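# Remarks on the overall topology
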Amino acid sequence: MSSTISLPAAEIWATTILLTLVVVVLRNVFLVAPRDWQPRGKLERALRYAPLAALVALLAPEVLQPLATAAERAGPAGFAQGLTDPRFVSALVVIVVSRLTRNALAALAGGVGLFWLLAS
Amino acid sequence: MPGAGYTRAMPAIFRPADLRQHAPGSARLRRRHRREAFRLMLPACLGTGCWGLVTGIAMVQAGLTLPQAIGMSLFVYSGTTQLAALPLMASGASLATVVATGVLTGLRFIVYSASLSRDLGRLPLPRRLLYGYLMTDTGLAQYLVRRARETPPQRVSLYLGYNVPVYLAWHLGSLAGIGLAAALPADPRYAWLGMLAMLVITVPMVSSLPALAAAAAAAAVAFVGVHWPWRLGMFFAIVAGVLAALAAERFAGRPDPAVQPR
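Rules of the game
Residues numbered from 1 in each chain as written. Chains lettered and ligands numbered in written order. Predicted model: local features only at pLDDT ≥ 70, side-chain atom pairs only at ≥ 80, totals over all residues. Helix = DSSP H or I, 4+ residues; strand = E, 2+ residues; numbered from the N terminus. Buried ≥ 20, exposed ≤ 12 C-beta atoms within 10 Å, placed from the backbone. Contact = placed C-beta atoms within 7 Å. Nonpolar A, V, L, I, M, F, W, Y, C, P; charged D, E, K, R; others polar. Axes fitted to C-alpha atoms, helices over the stretch in contact; angles between N-to-C directions. Parallel < 35°, antiparallel > 145°, perpendicular 65-115°, else oblique. Left-handed = near helix turned anticlockwise from the far one by under 90°. Domains from an automatic or database assignment. Expected span 1.5 Å × (residues − 1).

This part takes up the overall build of chain B. The helix and strand inventory of chain B stands at twelve helices and zero strands. Taken from N to C terminus, the helices and strands of chain B fall in the order α-α-α-α-α-α-α-α-α-α-α-α. Taken over 262 residues, chain B has a buried fraction of 50%. In chain B, of all internal contacts separated by at least 6 residues, the share reaching a separation of at least 24 is 73%.

As structure tokens, then:
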């Protein structure tokens, strides 16, 4: 972050309180809504996929960004270079180890270990 | 008479406390849920702690005082919202802009609350509000994969089992970041550890054709929309993922076992 916050303390607290209200309302919309509003049938089933989609939506740009950045800089050769980016490689290791072993800690240890090795 | 409508056959979570204490089966189940959740959520907790650490450092380095940073961490409890708000506050954006950004970055919570409403909707209002506040991306994802195996009342303890550890990990990481901000640089590598932990949670969820379709569609839209304003790319990625999963379910001819209705 290039600049720092120079708002009056009262405004910072007002922002915090309003953001809190926003998050609380968003998280509870359907929990406090009348029961008739609860999603049912196909919509209810569809919503089961929302967290998976949200996690992937958070992860995909981060994992693929090294490839895109490298390709933007140097074309296909850059793309190939992006394949060796520590972030991309470590993500790949996590996916492969997780698939092969079904052991979350082993997958995490493999990915983190390789990332620190390549990034440092 | 208070509690007159409750019987021993009723699920423990809907009984008054005096009856609940005589339900050893439910207590055993809650302990099992806590153990299972702790084991499953350990990698996610490590990652969430790293995320919290980065956010804590970012808040202090953005110019928040110690109480302000702790207050924001404890009350807002949403990394994406906090990290989106900080640069706006630093640039002197209006309060309305910061709040509008908070709404847009948190749109996914509406979808989450809709997916939880049947399980938590019968609880008293204060508990619904508290449990809604505890909702996390990784905790909810794990819960929704495993909820179908439990009866509705048992799902409450399952939900808490997955989300409370994430809550604790977040605040421990965030408080550590706030405390160590002067000594630690805002190294983006810490945040990447959080991403890897999130990946560990996500990979096993892609275990069927509809889940694969959801992941592929969400990834494509999120990647294309990464520079869209107010993180709208993420919201549309969720919508695309959900629609793709439904289309794949229709193609496969049967719903994903993990999302079978109760």
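Still more ground to cover, so stick around.
The residue Arg 102 of chain A is not glycine, and still its phi comes out positive at about 55°. In this structure, Arg 102 of chain A sits in the loop between α4 (86-101) and α5 (104-119). According to the C-beta neighbour criterion, Arg 102 of chain A is exposed, with 11 such atoms within 10 Å. Here Tyr 77 of chain B, not a glycine, exhibits a phi torsion of approximately 50°, which is positive. Counting through the fold element by element, Tyr 77 of chain B comes out in the loop between α3 (66-76) and α4 (79-90). Taking the number of C-beta atoms within 10 Å as the measure of exposure, Tyr 77 of chain B has 22 and is therefore buried.

A word on the interface of chain A and chain B. Residue-level contacts link 63 residues of chain A with 84 residues of chain B. Among the secondary structure elements, those contributing two or more residues to the side of chain A that touches chain B are α1 (9-32), α2 (41-47), α3 (50-82), α4 and α5 of chain A. By residue number, the principal contributor to the side of chain A that touches chain B is α1 of chain A, which donates 17 residues. Residues belonging to the side of chain A that touches chain B are distributed by class as follows: 42 nonpolar, eleven polar and ten charged.

Another point: the packing of helix α8 (residues 137-146) of chain B against helix α9 (residues 152-180) of chain B. Residue and element names in this part refer to chain B. Across the interface, α8 lies against α9 with an axial gap of 8 Å and an inter-helix angle of 160°. As far as their axial angle goes, α9 and α8 are roughly antiparallel. For the pair α8 and α9, the crossing hand works out as right-handed. Here α8 contributes Thr 138, Gly 139, Gln 142, Tyr 143 and Arg 146 to the contact with α9, which in turn contributes Leu 158, Tyr 159, Tyr 162, Asn 163 and Val 166. Looking at the contact of α8 with α9 residue by residue, the class counts come to five nonpolar, four polar and one charged.

This part covers the domain arrangement of chain B. All names here are of chain B. Domain boundaries in chain B define domain 1 (21-205) and domain 2 (208-257). Sorting the residues of the side of domain 1 that touches domain 2 by element identifies α5 (95-105) and α6 (107-120) as the ones contributing at least two each. Considered class by class, the residues forming the side of domain 1 that touches domain 2 number five nonpolar, two polar and one charged.

Residues that lie three or four places apart on an α-helix share one face, since the helix turns once every 3.6 residues. The terminal C-alpha atoms of α1 of chain A, which comprises 24 residues, lie 33 Å apart, in line with the 34 Å expected from a rise of 1.5 Å per residue. Those residues of α1 of chain A that fall on the buried side of the exposure criterion are Ile 12, Thr 15, Thr 16, Leu 19, Thr 20, Val 22, Val 23, Leu 26, Arg 27, Asn 28, Phe 30 and Leu 31 of chain A. Buried residues belonging to α1 of chain A abut α3, α4, α5, α6 and α7 (125-133) of chain B.

Residue and element names in this part refer to chain B. As for its placement among the helices and strands, Phe 236 is situated in helix α12 (residues 232-252). Separated by 176 residues in sequence, Phe 236 and Val 60 place their C-alpha atoms 32 Å apart. Residues within four places of Phe 236 in sequence aside, it is in contact with Val 221 and Gly 225.

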